[in-house]
Structure formats: structure tokens, C-alpha cells
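# Close look at the chain arrangement
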Amino acid sequence: MYEISLAEGFGPIQFGATPNEVKSAWDSDLYYEDWMGGNLENFLYFKGLLVGFRGEVEGGPTEKSHVCMFRIKTVHSLMIWGRDITQATKQELESLLTLTKMQYTVLPNGILQCANQELQFHFNESGVLDEVYFAN
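This write-up is about the structure you can find in this document. Please read these numbers as outputs of a predicted model, since none were measured by experiment. (Residues numbered from 1 in each chain as written. Predicted model: local features only at pLDDT ≥ 70, side-chain atom pairs only at ≥ 80, totals over all residues. Heavy atoms only, no water.)

### Topic: the overall build of the chain
For clarity, the threshold we go by: Strands here mean DSSP runs of E at least two residues long; helices mean DSSP runs of H or I at least four residues long; both are numbered from the N terminus. For a compact globule the rule gives 2.2 Å times the number of residues to the power 0.38, and the radius of gyration it is set against comes from C-alpha atoms. Only protein chains enter the calculation, and the probe is 1.4 Å; a residue is then buried if its accessible area is under 20% of its type maximum, exposed if over 50%, and partly exposed in between. Two residues form a contact once any of their heavy atoms are found within 4.5 Å.
Scanning the chain from N- to C-terminus turns up two helices and 12 strands. Helices and strands in the chain line up, N terminus first, as β-β-β-α-β-β-β-β-β-α-β-β-β-β. Rg of the C-alpha trace for the chain: 15 Å, near the compact-globule value of 14 Å for 136 residues, within the 12% margin. Put simply, the chain has 136 residues, and 44% of those count as buried. Sequence separation of at least 24 residues holds for 43% of the intrachain contacts in the chain that already meet a minimum separation of 6.

### A closer look at the side chain of His 76
When you line up the elements, His 76 lands in the loop between strand 6 (61-73) and strand 7 (78-80). Judged by relative accessible area, His 76 falls into the buried class, the value being 13%. Setting aside residues no more than four positions away along its own chain, His 76 makes contact with Tyr 2, Trp 26, Lys 47, Gly 48, Leu 49 and Thr 86.

### A closer look at the state of the cysteines
Quick reminder of the rule: Pairs of cysteine sulfur atoms within 2.5 Å are what we label disulfides.
Per the counting criterion, the structure on display carries zero disulfides. Left unpaired, Cys 68 is separated from the closest cysteine sulfur, that of Cys 114, by 18 Å. Overall, the relative accessible area of 9% leaves Cys 68 in the buried class.

### A word on the environment of Phe 121
Tracing the chain through its elements places Phe 121 in strand 11 (residues 118-123). The class for Phe 121 is buried, based on a relative accessible area of 0%. Taking the C-alpha atoms as reference points, Phe 121 and Val 132, 11 residues apart in sequence, are found 4.8 Å from one another. Leave out the neighbours within four places in its chain, and Phe 121 touches Ile 80, Ile 85, Leu 93, Leu 97, Ile 111, Leu 112, Leu 129, Glu 131 and Val 132.

### A closer look at the pairing of strand 5 (residues 49-57)
What counts, and what does not: Whether two strands pair depends on DSSP finding at least two bridges between them.
As judged from the four bridges shared by strand 4 (residues 43-46) and strand 5, these two strands associate in the antiparallel manner. Bridged to Phe 43 within strand 5 is Gly 52. As judged from the eight bridges shared by strand 5 and strand 6, these two strands associate in the antiparallel manner. Residue pairing across strands places Gly 55 opposite Ser 65, the latter belonging to strand 6. Counting the residues between successive antiparallel strands, the hairpin from strand 5 to strand 6 contains three residues, one of them, Gly 59, with a positive phi of roughly 80°.

Below is the structure:
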């Protein structure tokens, strides 16, 4: 199970890490999937995970770029605020956001977007969590 920390990062990958630090921490080959889309020069991509960088990019992140965002699919077991959210429904996540006093809105496409954080929860057609986006 991987912990999402809005202050620190995702699992073993910390905000501010360099590409080599990410590759060492995640210890997996780069892996492209269709959901990732195109124009991935600011990203490292792994199965079910996009790690975004800011800073110098030359066809891909360089050692002068640093982790600033994540997009994570629920092929990974996910926790936030000590709760397992891997199979959470929209209602369960709305309750968790209310419990943690996180202000949020529901976008027209059904995405839950937090007002004071770069944090979004995306759902599949059944209303179950499919993807989490967060940035620092």
C-alpha cells in the first residue's frame, strides 16, 4: 500500500526528487499506457503512475529538474490520511474530505477537486476511484 502525502510525495518518491532518485526509489522500468496521453517530456512514466517534473527538460526530465506532481491509477493500493482509498466511491471520498475539513467542489465531469490543495479524485463510470492527481 502506498501513502499519498500532500506535503511529502507518493510512497517512496519525494517532492523535489531528481529523476535518478525517482528511478532508484520506484525501482521499475519506464512503462507507457494509453491513459497517459502524449507530450510526456516533463514526466517519468511507470505502470499506473505518472511523475511530473519542473525545471530543465531536454526530451525528458534532467537532473536539474525536480518532482512536482503525481497522477496515480488505482492499480496501486492507495492510502491518504491513513485511510485506504483504493476502491473508494465518490460518496466515501466526499465524506473523507468533509471529515478532514478539506473544502472541495464537484466539477461537471464528476471529478472531486480540493479548493486549497492541488488534489483531484477521478472516478470510473461506476463511481469508484480510478485516479488521483496531486501536486506541490
